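Here is how the chains run, residue by residue.
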Amino acid sequence: MTRKIKNIELVDGIEAKSSDELKFKTDKVTWNGEQGILTCEGNVDINKPGMRATADKAESKDAFTNFKLMGNAHIIKEIINKWKKYSKLKTALAVAIMSFSMINTVIAADAPIELNGDVIEYNAQTDMAIATGGVTIIRDGGVLTGGQVTYNFKTQEASITGGVTANKDDMNLKAESLISNANKEVVAKRFCSIGKSW
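As the structure is a prediction and not an experimental result, all values here were calculated from the model.

**Digging into the pattern of salt bridges**
Phase 1: This model, assessed by the stated rule, comprises four salt bridges.
Phase 2: Measuring nitrogen to oxygen at the nearest pair gives 2.6 Å for the salt bridge that ties arginine 52 to aspartate 45.
Phase 3: The residue lysine 168 makes a salt bridge to aspartate 140 at a minimum N-O spacing of 3.3 Å. With lysine 168 in strand β10 (residues 158-168) and aspartate 140 in the loop between β8 (128-139) and β9 (142-152), this pair connects stretches of sequence that are 28 residues apart.
Phase 4: For lysine 168, a relative accessible area of 8% gives the class buried.

Put into structure tokens, the structure is as follows:
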């Protein structure tokens with residue numbers, strides 16, 4: 001008769017690596033056999049080729065193909081893009097909607113991107129992340145902040161809501177929400193301010 005292991009707990013400086021080059025370190029690992037959840041707690045540090053993720057706590061059901069980061073959640077990922085043009089900001093103030101092309105006015109191409117939040121859920125199959133709580137996206141001196149963001153690392157499409165700010169060089173923006181599409185066009189709703197300072 002085969003018995004399933006229901007729960008396992010490992011403590012005191014855990015380090016592990018997989019055959020697909022994933023490595024992680026943490027203070028404590030718990031396996032919940034009934035739910036199929038692996039939980040890492042304390043100084044979580046996950047490394048995959050081209051990506052590093054850190055947090056106070058992490059959970060995964062599939063060997064960190066997809067995972068949820070909690071508490072001081074942080075992902076930094078290398079992005080390689082072929083588009084490098086920088087366009088000037090274009091505004092359309094009708095109905096309090098601002099549109100400008102090329103999100104790399106705020107975030108430049110060919111630079112690592114950092115995503116921070118209280119909680120980040122990452123899906124490796126889609127290369128997408130959903131971050132909530134004090135969210136920041138940092139890249140090449142550009143900073144976007146908001147309450148929640150859905151970000152596609154592959155296409156760089158983003159949807160940010162909740163007190164959005166965007167800052168880079170002499171460009172400053174405040175808006176209720178901001179959406180960038182695959183064409184690098186950005187629409188900010190309820191645009192509040194733009195210029196060298198607030």
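Don't stop here, the text continues.
**Section: the confidence of the model for the protein chain**
Phase 1: Residues at a pLDDT of 70 or more form 74% of the protein chain, whose mean pLDDT is 79.
Phase 2: A low-confidence stretch, residues 81-108 stays under pLDDT 50, and its non-local contacts, those more than four residues away or across chains, total 82 contacts.

**Notes on the packing of aromatic side chains**
Phase 1: In total, this model carries five aromatic pairs according to the counting rule given.
Phase 2: For the ring pair phenylalanine 24 and phenylalanine 64, a centre distance of 5.2 Å and an interplane angle of 45 degrees mean the geometry is tilted. Note that phenylalanine 24 is positioned in strand β2 (residues 23-32) and phenylalanine 64 in the loop between β4 (51-60) and β5 (66-77), a separation of 40 residues in sequence. Neither phenylalanine 24 nor phenylalanine 64 differs from the other in exposure class; each is buried.
Phase 3: Plain terms: the ring middles of phenylalanine 64 and phenylalanine 67 are 6.1 Å apart, the flat faces sit at 55 degrees to each other, and that makes the pair tilted. With respect to burial, phenylalanine 64 and phenylalanine 67 carry one shared label: buried.
Phase 4: One aromatic cluster is present, formed by Phe24, Phe64, Phe67, Tyr122, Tyr151 and Phe153 through successive ring pairs.

**Considerations on a nonpolar patch on the surface**
Phase 1: Where nonpolar side chains cluster on the molecular surface, the patch consists of Ile8, Leu10 and Trp31 and spans about 250 Å² of accessible area.
Phase 2: You can call isoleucine 8 partly exposed: its relative accessible area is 36%.

The rules we used
Every chain's residues receive numbers from 1 upward, in the order its sequence appears when written. Two thresholds apply to this predicted model, a pLDDT of at least 70 for residue-level local features and 80 or more for giving and counting side-chain atom pairs, whereas whole-chain, interface and lining totals are computed over all residues. Think of the side-chain values as coming from all heavy atoms in the structure, minus any hydrogens and water. Salt-bridge detection follows one rule: a side-chain nitrogen of Lys or Arg within 4 Å of a carboxyl oxygen of Asp or Glu. Helix and strand assignments follow DSSP, with helices taken as H or I runs no shorter than four residues and strands as E runs no shorter than two, numbered in order from the N terminus. Each residue is assigned to one of three classes by its accessible area relative to the maximum for its type, calculated with a 1.4 Å probe on protein chains only: buried under 20%, partly exposed between the two thresholds, exposed over 50%. Confidence scores labelled pLDDT are given residue by residue by the predictor and lie between 0 and 100. Any two residues having at least one pair of non-hydrogen atoms within 4.5 Å are treated as being in contact. Here a pair means two rings of Phe, Tyr or Trp (six-membered ring of Trp) with centres within 6.5 Å. Their orientation is stacked below 30 degrees between planes, edge-to-face above 60, and tilted elsewhere. Patch membership needs two things, relative accessible area over 30% and no salt bridge, and members are linked within 9 Å if like-charged or within 5 Å if nonpolar (Val, Leu, Ile, Met, Phe, Trp, Tyr). Only the protein chains shown count as cover for residues, and all accessible areas are computed by the Shrake-Rupley method using a 1.4 Å probe.

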